[in-house]
Amino acid sequence: GVQTCALPIYWYKFINVSNYNTRPIKYLEIGTFYGANAISVHYTYASHPLSKLDCIDAWTFYPEYPEVTQVQQDQIYADYQINLISAGCINKTRTFRGFSVNVLPTLMDTTYDIIYVDGNSLPTFMIEDIILSYRKLVSGGILVVNNYDVKAESDSQRAIDGFIHVYKGNITILGVQYSQIFIRKN
């Protein structure tokens, strides 16, 4: 079955859609699942016909998340592909089925306008994804990182804070809303 959802409206508060949808952009997403967020970006920020979407997800069994079996992951991957076809963005999307730590180094640096990091939320994986993603952003590019909850100090938030501390001279925090932080590369 087709699964979609609208891009959270609060993205517009931090990322002005009119700065992106009138020209080709490159978008990267880590942790794609059914593809709902990538499809929402296709309709908004990447609506230009020459825009490109790159999606990374392993769609595999994770011992840390035993409730989702490999059979279920394979079905989610199949649904993801159907969703891209239904949304009309299969031709502007490259899909990398693998672990982000292996895929990200193969992608060109300073390429992407917007990167959404929503992969494995364990802190060691998060910090790797954020640092590797930062290298892939163009100057002025936007990094959106999920699992940043200012109310509950979590290990994932500490990983993000570690990145912010180390890169503070090179980034601007645009804001935080609904456990997502918006960071611009200076």
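Since the structure is predicted, the reported quantities are computational estimates derived from the model, not experimental observations.

Scoring rules and cut-offs
Residues numbered from 1 in each chain as written. Predicted model: local features only at pLDDT ≥ 70, side-chain atom pairs only at ≥ 80, totals over all residues. Heavy atoms only, no water. Buried < 20%, exposed > 50% of the residue type's maximum accessible area, 1.4 Å probe, protein only. Helix = DSSP H or I, 4+ residues; strand = E, 2+ residues; numbered from the N terminus. Pairing = 2+ DSSP bridges. Right-handed = clockwise from strand over helix to strand, strands pointing away. Axes fitted to C-alpha atoms, helices over the stretch in contact; angles between N-to-C directions. Contact = heavy atoms within 4.5 Å. Expected span 1.5 Å × (residues − 1). Arc of directions from axis to C-beta.

Draft legend 1. Spatial organisation of the pairing of strand 1 (residues 26-30). Of all five residues in strand 1, four are buried, a share of seventy percent or more. Where strand 1 meets strand 2 (residues 52-57), five bridges bridge the pair, whose relative direction is parallel. Along strand 2, the bridge assignment pairs I30 with I56. This β-α-β element, strand 1 to helix 2 (residues 36-43) to strand 2, shows right-handed connectivity.

Draft legend 2. Seen up close, the sheet that holds strand 6 (residues 171-177). Strands sit in the order 3-2-1-4-5-7-6 across an open sheet of seven strands; the sheet is mixed. Strands at the two margins of the open sheet, each flanked by one partner only, are strand 3 (93-97) and strand 6. Neighbour-to-neighbour, the strand axes of this sheet turn through a mean angle of 15°, independent of strand direction. Inspection of the sheet shows strand 2 paired to strand 3 by five bridges, in the parallel sense. When the sheet's bridge partners are listed, C55 is paired in strand 3 with T95. Contacts from helix 2 reach strand 1, strand 2 and strand 4 (112-117), with the element oriented near 165° to strand 1. Strands in contact with helix 3 (residues 70-87) are strand 2 and strand 3; relative to strand 3, the strand with the most contacts, it is inclined by about 170°.

Draft legend 3. Layout of helix 6 (residues 155-167). With 13 residues, helix 6 should reach 18 Å at 1.5 Å per residue; the first-to-last C-alpha distance of 18 Å fits that figure. Listing the buried residues of helix 6 in full gives S156, Q157, A159, I160, F163, I164 and Y167. Down the axis of helix 6, the sector holding all buried residues measures 160°, keeping them to one side. Exposed side of helix 6, more than 90 degrees from the buried face: H165 and V166 are the residues found there. Against the buried residues of helix 6 lie helix 5 (123-136), strand 5 (137-146), strand 6 and strand 7 (180-185).

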